[in-house]
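# Close look at the chain arrangement
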2 protein chains.
Amino acid sequence: MEARTTSGADVTNARVLDHPDCAEIRLEGVLHALSDPMRLTVVRELAAASGELSCSDFALPVTKSTTTHHFRVLRESGVIRQTYRGTAKMNALRRQDLETLFPGLLRSVLAADSAESGRAANGGRPASGP
Amino acid sequence: MEARTTSGADVTNARVLDHPDCAEIRLEGVLHALSDPMRLTVVRELAAASGELSCSDFALPVTKSTTTHHFRVLRESGVIRQTYRGTAKMNALRRQDLETLFPGLLRSVLAADSAESGRAANGGRPASGP
DNA sequence: ACCGTAGTACGGTGACTATCGTACGAAGCG
DNA sequence: CGCTTCGTACGATAGTCACCGTACTACGGT
């Protein structure tokens, strides 16, 4: 009970989310965040959108609580940045930060994910004609 | 009691380890395997050695049981290949397989790890003079 | 044959995690 | 003001995980 947004007094805790500083981002944390199918899906779609997406723009096959959980893991590991925008919470990849910290990593992971999807659609072969 | 090595009858189960086929290797599994500091250390040293290393060549700060566990995770996720050589168990990175499946991934992760170590030795700045 | 070295198997434990449901808070719209 | 939509908080639960210790197997040298 330090800052009530309802009263409109101050904006100290008014929906401000805590993000790790660049120096706080750990490789293990990022890899762990990306090692979950649900979260990798989020990152994939976020990368494809190349902009901000609200949490509800993702059609994840889990409940809202679980969705919140996954987005928090992504945010706390430094993979995404979240900001409130009205009632919605927008998500954006921290592309620049990740690129500075771990050059090429995000691109490799996304390429690997896309390559794996391609193989799954195929028959499991690394590379074969259609 | 299907194949006793002591009796020298057959070699069916004689220390043959099960490795995932290339088509069985999953990105999430690889990322999960790499998201543990202990296992990332193994991969790092294995990459630096550019050859085979026995399990006991690593001075991991855990017991043998735990070491076995970590090496199994790495093997079952498709990151390393293990073969028995006398009483020792040799470990080698599956560089070629990983490169074919996920081009550039291993390199990016190793580079990221090395970059992070560099920052840790520094003060947490992404890039600054000595 | 014996012993040491390398690693496994098994059983256990505490911590974390992915999931859920329900209840709640915050912003916008009528 | 009420209602709806979006997301959070709080348990709760079942599963996984990293770790240990002890007992065991396998290979090689003496």
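See above for the structure.
These lines cover the structure that appears in this document, whether it is placed above or below.

Rules behind the numbers
- Residues numbered from 1 in each chain as written.
- Chains lettered and ligands numbered in written order.
- Predicted model: local features only at pLDDT ≥ 70, side-chain atom pairs only at ≥ 80, totals over all residues.
- Heavy atoms only, no water.
- Pairing = 2+ DSSP bridges.
- Helix = DSSP H or I, 4+ residues; strand = E, 2+ residues; numbered from the N terminus.
- Contact = heavy atoms within 4.5 Å.
- Axes fitted to C-alpha atoms, helices over the stretch in contact; angles between N-to-C directions.
- Near = heavy atom within 4 Å.
- Polar contact = N/O pair within 3.5 Å; in protein donor to acceptor, adjacent residues only side chain to side chain.
- Parallel < 35°, antiparallel > 145°, perpendicular 65-115°, else oblique.
- Left-handed = near helix turned anticlockwise from the far one by under 90°.
- Nonpolar A, V, L, I, M, F, W, Y, C, P; charged D, E, K, R; others polar.

All names here are of chain B. Spatial strand order, S1-S3-S2: three strands in an open sheet with antiparallel pairing. Looking at which strands have only one partner, the edges of the open sheet turn out to be strand S1 (53-54) and strand S2 (80-85). Relative to strand S3 (residues 88-93), S1 runs antiparallel, the two being bridged by two bridges. Looking at S3, one finds that Leu 53 is bridged to Asn 91. Along the sheet, helix H2 (residues 37-49) makes contact with S1, S2 and S3, crossing S3 at roughly 80°. Where helix H3 (residues 64-76) meets the sheet, its contacts fall on S2 and S3, and the angle it forms with S2 comes to roughly 120°.

This part takes up the protein's contact with DNA strand C. Among the 23 residues in the neighbourhood of DNA strand C, the closest are listed as Ser 65 and His 70 of chain A together with Lys 64, Thr 68 and Lys 89 of chain B. Across the atoms of DNA strand C situated within 4 Å of the protein, the share located in sugar and phosphate is 70%. Thr 87 of chain B places a polar side-chain atom, nitrogen or oxygen, 3.1 Å from a sugar or linking oxygen of DNA strand C. When contributions to the surface near DNA strand C are tallied by element, the ones reaching two or more residues are helix H2 (37-49) and helix H3 (64-76) of chain A together with H3 and S3 of chain B.

This next bit is on the packing of H2 of chain A against H3 of chain A. Residues and elements named next belong to chain A. Running from N to C, H2 and H3 cross one another at 70°; their axes reach a closest spacing of 10 Å. Comparing their axes, H3 and H2 come out roughly perpendicular. The way H2 lies across H3 gives a crossing that is right-handed. In this structure, H2 uses Met 38, Arg 39, Val 42 and Val 43 to contact H3, whose residues at the interface are His 69, His 70, Phe 71, Val 73 and Leu 74. Tallied by class, residues from the contact of H2 with H3 come to six nonpolar, two polar and one charged.

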